[in-house]
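Listed below are the residues making up each chain.
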Amino acid sequence: MNKEEIIEKLKEAMKGSSEVQVDWDSVSEESTIESLGFDSLSILDLIYDVQQLFDVEFEAEAMVGVSTVGSLVDFLQGKLQS
Amino acid sequence: MLLRIALAIVDVMPLSVAEGFARFLADIYCELNVKRRQVAIDNIKRSGIAEDDDETRRIARDSFRHFAVLIIESIKSDRFFDKENWRDKVEMDIPEETMELLKKPGQGILLVSGHLGNWEVAAQLLSYLKPVMAITRDMNNPYSNNLILKRKSRERLTLTPKHSADGGRFLNVLRNGEVLALLNDQYARDRGMKVDFFGSPAETHTAVAMLHFITKAPICFGYCVRTGSMSFKFKATKPMVFKPTGDRNADTRAVLESLNRELEAAIREYPEQYLWAHRRWK
């Protein structure tokens, strides 16, 4: 799965768990996870969705420290390739 | 300052005197605080556990007394229990499977409870088996809050105020093989899911379900009821494991409904030991 595909799939996951209004078309790799409506607790919903959608298991605490969409994509790409 | 003095007085009072005094104050509080008493009565009626108004009032009054004694027990429990003697003083009603998990090094556990029995003593006792992080509700006064947090934190028991809730930290606790203890009957405001509690929908925190699915840490419902003066029975369920289906809402609901059912059953058994005066349904 390439970067663009991961971003699109990730947006899908985020749409399902974000509780704020977001213009998803304008979301880029530089967008922060926080600006998309995720805090230290609601990130758990996103982790669940990501695990299910990408069918990957990973040490979830590593994802909590990820701050931007771009770094989250890199993180997932690494997990999908391993 | 007042709290510090009160704690010092309770420290030196014999247990039976302190308990009696606490019950006396609870009766006065119950009489004078009409609003809070009404919350308890309304909640008991809503739950349908009392047969008539007399029983409702009795449960409400006993619940206030219970909570007052709980405070005394929580202040004094350090003097009564330590990691050497606690097993002789506490009756354990815990399935073998759960006990094995508690003894297994590296095994994280989600211990879910409610405002039933003495949850503070429960966390203390549990910490003799495994390190515990317990999530607590803040006191309104920050000075009092710090004093209580400092006083109650123990070698293997960490208290985390609810306002500092941090998913990453919780994940680490479970990954490190510790117990994450939560009271899941607190009103969740806009962060929860409406789940039936005694037949009425109540906003319920969802974090426990997410933590379970993400980490695969088993969930145990447990509580510690008072059986006498500074005497307790620790009860817990078998470990619960739910399989994620990919439908987050449905999966979360399955976990929370199951936990609410466990809590309801426990409350039916010990209605006087439940904190009815907190606003579970808003």
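Okay, so let's go over this structure. Everything numeric here is computed off the predicted structure, so don't read it as measured data. (Residues numbered from 1 in each chain as written. Chains lettered and ligands numbered in written order. Predicted model: local features only at pLDDT ≥ 70, side-chain atom pairs only at ≥ 80, totals over all residues. Heavy atoms only, no water.)

**Describing the interface of chain B and chain A**
Phase 1: The interface of chain B with chain A comprises 22 residues on the first partner and 20 residues on the second.
Phase 2: When the two sides are added together, the surface that chain B and chain A hide from each other amounts to roughly 1,700 Å², 55% of it contributed by carbon and sulfur.
Phase 3: The largest contributions to the chain B side of the interface with chain A come from B:Arg191, B:Ile214 and B:Arg248, which together make up 35% of the buried area.
Phase 4: Our enumeration of links across chain B and chain A arrives at 2 salt bridges.
Phase 5: Between B:Arg248 and A:Asp45 there is a salt bridge, with the nearest N and O atoms lying 3.7 Å from each other.
Phase 6: Going through the elements one at a time, helix 9 (167-175), helix 10 (207-215) and helix 11 (248-269) of chain B are the ones with two or more residues in the side of chain B that touches chain A.
Phase 7: Looking at which element gives the most residues to the side of chain B that touches chain A, the answer is helix 9 of chain B, with 6 residues.
Phase 8: The residue makeup of the side of chain B that touches chain A, split by class, is 9 nonpolar, 5 polar and 8 charged. (Contact = heavy atoms within 4.5 Å. Buried area = accessible area lost by both parts, 1.4 Å probe. Salt bridge = Lys/Arg side-chain N within 4 Å of Asp/Glu carboxyl O. Helix = DSSP H or I, 4+ residues; strand = E, 2+ residues; numbered from the N terminus. Nonpolar A, V, L, I, M, F, W, Y, C, P; charged D, E, K, R; others polar.)

**Brief notes about helix 3 (residues 34-47) of chain B**
Residue and element names in this part refer to chain B.
Phase 1: Look at helix 3: 20 Å from first C-alpha to last across 14 residues, which is about the 20 Å you get at 1.5 Å a residue.
Phase 2: Listing the buried residues of helix 3 in full gives Val39, Ala40, Ile41, Asn43, Ile44 and Ser47.
Phase 3: Packing partners of the buried residues in helix 3 comprise helix 4 (53-80).
Phase 4: Positive phi shows up at Gly48, right after helix 3, with a value of about 75°. (Expected span 1.5 Å × (residues − 1). Buried < 20%, exposed > 50% of the residue type's maximum accessible area, 1.4 Å probe, protein only.)

**Some words on the side chain of A:Gln51**
Phase 1: Take A:Gln51: it is sitting in helix 2 (residues 43-54).
Phase 2: Not counting the four nearest positions on each side in its chain, A:Gln51 is found in contact with A:Val56, A:Phe58, B:Phe213 and B:Ile214.

**Focus: the packing of helix 4 of chain B against helix 7 (residues 119-126) of chain B**
All names here are of chain B.
Phase 1: Interaxial distance between helix 4 and helix 7 falls to 8 Å at its minimum, and their mutual angle equals 25°. Viewed along their axes, helix 4 and helix 7 adopt a mutual orientation that is roughly parallel. Two secondary-structure elements touch here, helix 4 through Phe67, Leu70, Glu73, Ser74, Ser77 and Asp78 and helix 7 through Trp119, Glu120, Val121 and Gln124.
Phase 2: Here the residues of the contact of helix 4 with helix 7 sort into 4 nonpolar, 3 polar and 3 charged. (Axes fitted to C-alpha atoms, helices over the stretch in contact; angles between N-to-C directions. Parallel < 35°, antiparallel > 145°, perpendicular 65-115°, else oblique.)

**Some words on a positive patch on the surface**
All names here are of chain B.
Phase 1: On the surface, Lys35, Arg137, Arg189, Arg279 and Lys282 cluster together to form a positively charged patch.
Phase 2: Here Arg137 is to be found in the loop between strand 3 (132-136) and helix 8 (142-152).
Phase 3: Residue classification places Arg137 among the exposed residues on the basis of a relative accessible area of 54%. (Patch = residues over 30% accessible without salt bridge, like charges linked within 9 Å, V, L, I, M, F, W, Y side chains within 5 Å. Areas by Shrake-Rupley, 256 points an atom, 1.4 Å probe, with all protein chains shown as cover. Lys, Arg positive; Asp, Glu negative; His and termini not counted. Charge placed at Lys NZ, Arg CZ, Asp CG, Glu CD.)

**Some thoughts on the packing of aromatic side chains**
Phase 1: In the structure shown here, the tally under the stated rule is 13 aromatic pairs over all chains.
Phase 2: Note on B:Phe81 and B:Phe232: the rings are 6.1 Å apart at their centroids and 55° apart in plane angle, and the pair reads as tilted. Taken together, the residues B:Phe81 in the loop between helix 4 and helix 5 (86-89) and B:Phe232 in strand 9 (residues 231-236) connect sequence positions 151 residues apart.
Phase 3: Using a relative accessible area of 1% as the deciding quantity, one classes B:Phe232 as buried.
Phase 4: Here the aromatic rings of B:Tyr274 and B:Trp276 are separated by 4.9 Å at their centres, their planes lie at 80°, and the arrangement is edge-to-face. Residue B:Tyr274 shares its accessibility class with B:Trp276, and that shared class is buried.
Phase 5: Taken together, B:Phe197, B:Phe198, B:Tyr274, B:Trp276 and B:Trp281 form an aromatic cluster joined through their ring pairs.
Phase 6: Stacked on the ring of A:Phe54, the Lys or Arg A:Lys9 has its end atom at 5.3 Å from the ring centre. (Phe/Tyr/Trp six-rings, centres within 6.5 Å; stacked < 30°, edge-to-face > 60°. Lys NZ or Arg CZ within 6 Å of the ring centre and 35° of its normal.)

**So, the pairing of strand 6 (residues 192-197) of chain B**
Moving residue by residue along a regular strand, the side chains alternate between the two faces of the sheet.
Residue and element names in this part refer to chain B.
Phase 1: In the sheet, strand 6 pairs with strand 7 (residues 200-205) via 6 bridges, with the strands oriented antiparallel. Each bridged residue has a counterpart across the sheet, and for Val195 the counterpart in strand 7 is Ala202.
Phase 2: If you look at the hairpin formed by strand 6 and strand 7, you'll find 2 residues sitting between the two strands, and Phe198 has a positive phi there, around 50°. (Pairing = 2+ DSSP bridges.)

**Brief notes about the pattern of salt bridges**
All names here are of chain B.
Phase 1: Under the counting rule described, the total for this entry stands at 18 salt bridges over all chains.
Phase 2: Where Arg65 meets Asp27, a salt bridge forms, and the shortest distance between an N and an O atom there is 2.8 Å. Of the two residues, Arg65 is situated in helix 4 and Asp27 in helix 2 (residues 15-32); the sequence distance between them amounts to 38 residues.
Phase 3: For the salt bridge of Glu203 with Lys194, the shortest nitrogen-to-oxygen distance reads 3.2 Å.
Phase 4: Given a relative accessible area of 46%, Lys194 falls into the partly exposed group.
Phase 5: Each of the salt bridges in this network shares a partner with another, and the network as a whole consists of Glu55, Arg58, Arg61, Asp62 and Glu272.

**A few points about the packing of helix 9 of chain B against helix 10 of chain B**
Residues and elements named next belong to chain B.
Phase 1: Here helix 9 crosses helix 10 at 50°, and the two axes come no closer than 11 Å. In terms of axis orientation, helix 9 runs oblique to helix 10. Considering only the axes of helix 9 and helix 10, their crossing is right-handed. Each of Phe170, Leu171 and Leu174 in helix 9 lies in contact with helix 10, whose residues at this interface are Leu211, Ile214 and Thr215.
Phase 2: The residue makeup of the contact of helix 9 with helix 10, split by class, is 5 nonpolar, 1 polar and no charged. (Left-handed = near helix turned anticlockwise from the far one by under 90°.)

**A closer look at the nonpolar core**
Phase 1: The biggest cluster of nonpolar side chains holds 114 residues, and the ones touching the most others in it are A:Met14, A:Leu46, A:Leu72 and B:Leu180.
Phase 2: The residues touching A:Leu72, leaving out its near neighbours within four places in the chain, are A:Leu10, A:Met14, A:Ile33, A:Leu46, A:Met63 and A:Val66. (Core = buried A, V, L, I, M, F, W, Y, C linked by side-chain atoms within 4.5 Å.)

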